[in-house]
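# Notes for the structure review
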Amino acid sequence: MQTIWLSGAEWLAVLRIGLGLWWLESWRHKDKKGWFERGTGIAWAADVAGKHRWGVVRTGFGRIVEPRPKVMAYVVVYAELALGLGLVTGFLTPVALAAGLLLNLLYLVLMIHDWAEQGQNAMMALISLVALFGMAWQTWSLDSALGLFP
């Protein structure tokens, strides 16, 4: 593979780190007080799910998320933080990439009719897939330094 300036593995590391920074920005701009104290994030998602055309989304959200709004708020907010930190540092990278891909796909399905969000979720999912199959933890990562996932 020929590349300009960096090696292929280094460009994949740049992509991985950029995705991690994107997750950290998703975490940073959240109104944590609103999410944790007033339940704004889960309430918004419940409204979206309640109007969803697909019954499986309404049912799944109603069974899994709605009964546990406080717990799910913490899960979502801190999952985004963990994904960002894991990808930027390259620690447990394949786990972070797979979990991020899953989270983006969940967001994509929940908001399938809201095109304002779909570009972000689709691109983050695509980057996760490319970084996962390109083994983006080979360079500039704690995984590489620790000899994890050779």
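Relevant structure appears above.
This report concerns the structure included in the present document. (Residues numbered from 1 in each chain as written. Predicted model: local features only at pLDDT ≥ 70, side-chain atom pairs only at ≥ 80, totals over all residues. Heavy atoms only, no water.)

## Considerations on the environment of methionine 123
In this fold, methionine 123 is placed in helix H7 (residues 115–133). C-alpha separation for the pair methionine 123 and glutamate 37, spaced 86 residues apart in sequence, amounts to 31 Å. (Helix = DSSP H or I, 4+ residues; strand = E, 2+ residues; numbered from the N terminus.)

## As for the packing of helix H5 (residues 69–89) against helix H6 (residues 93–110)
Across the interface, H5 lies against H6 with an axial gap of 9 Å and an inter-helix angle of 140 degrees. Accordingly, the angle class assigned to the pair H5 and H6 is oblique. Taken as a pair, H5 and H6 cross one another with a handedness that is left-handed. Contact residues: H5 offers Val76, Ala79, Glu80, Leu83, Gly86 and Leu87, while H6 offers Thr93, Ala96, Leu97, Ala99, Gly100, Leu103 and Tyr107. For the contact of H5 with H6, a count of residues per class yields nine nonpolar, three polar and one charged. (Axes fitted to C-alpha atoms, helices over the stretch in contact; angles between N-to-C directions. Parallel < 35°, antiparallel > 145°, perpendicular 65-115°, else oblique. Left-handed = near helix turned anticlockwise from the far one by under 90°. Contact = heavy atoms within 4.5 Å. Nonpolar A, V, L, I, M, F, W, Y, C, P; charged D, E, K, R; others polar.)

## Examining the packing of aromatic side chains
If you walk through the whole model with that rule in mind, you get six aromatic pairs. Arranged with centres 4.0 Å apart and planes meeting at 5 degrees, the rings of phenylalanine 36 and tyrosine 74 form a pair that is stacked. Of this pair, phenylalanine 36 sits in helix H2 (residues 32–38) while tyrosine 74 is found in helix H5, placing the two residues 38 residues apart along the sequence. Seen in terms of ring centroids, tryptophan 137 and phenylalanine 149 are 6.3 Å apart; in terms of plane orientation they differ by 65 degrees. Their pairing is edge-to-face. Of this pair, tryptophan 137 sits in the loop between H7 and helix H8 (142–146) while phenylalanine 149 sits in the segment after H8, placing them twelve residues apart in sequence. (Phe/Tyr/Trp six-rings, centres within 6.5 Å; stacked < 30°, edge-to-face > 60°.)

## Side note on the packing of helix H1 (residues 8–28) against H5
Geometrically, a packed helix pair is captured by the angle between its two axes and the distance between the axes. Between H1 and H5, the shortest axis-to-axis distance is 7 Å and the interhelical angle comes to 155 degrees. As judged from the angle between their axes, H1 and H5 are roughly antiparallel. When you trace H1 past H5, the crossing you get is left-handed. Along the contact surface, H1 presents Arg16, Ile17, Leu19, Gly20, Leu21, Trp23, Leu24, Ser26 and Trp27, while H5 presents Val77, Tyr78, Glu80, Leu81, Leu83, Gly84, Leu85, Leu87, Val88 and Thr89. Class assignment of the residues belonging to the contact of H1 with H5 gives a composition of 13 nonpolar, four polar and two charged.

## Focus: the nonpolar core
Grouped together as the largest cluster of nonpolar side chains are 29 residues, with contacts concentrated most on Leu19, Trp23, Trp35, Ile42 and Phe61. With six residues, H5 is the largest single contributor of residues to this core. Setting aside residues no more than four positions away along its own chain, isoleucine 42 makes contact with Trp35, Phe61, Val65, Pro69, Met72 and Ala73. (Core = buried A, V, L, I, M, F, W, Y, C linked by side-chain atoms within 4.5 Å. Buried < 20%, exposed > 50% of the residue type's maximum accessible area, 1.4 Å probe, protein only.)

## What about H1?
The end-to-end C-alpha distance of H1 is 30 Å, a good match for the 30 Å that 21 residues give at a rise of 1.5 Å each. Gly8, Leu12, Ala13, Arg16, Leu19, Gly20, Trp23 and Ser26 are the residues of H1 that are buried. All buried residues of H1 fall inside an arc of 145 degrees around its axis, so they share one side. (Expected span 1.5 Å × (residues − 1). Arc of directions from axis to C-beta.)

## Observations regarding the pattern of salt bridges
Inspection of the entire model under this criterion finds four salt bridges. When the shortest N-O distance is used, the salt bridge between arginine 28 and glutamate 25 registers 2.8 Å. Of this pair, arginine 28 and glutamate 25 both sit in helix H1, three residues apart, which is roughly one turn of that helix. Arginine 28 sits in the exposed class, given a relative accessible area of 52%. We note a salt bridge from lysine 51 to aspartate 47, for which the minimum N-O separation is 3.2 Å. Given the relative accessible area of 63%, lysine 51 is considered exposed. Relative accessible area serves as the criterion here: at 41%, aspartate 47 is assigned to the partly exposed category. (Salt bridge = Lys/Arg side-chain N within 4 Å of Asp/Glu carboxyl O.)

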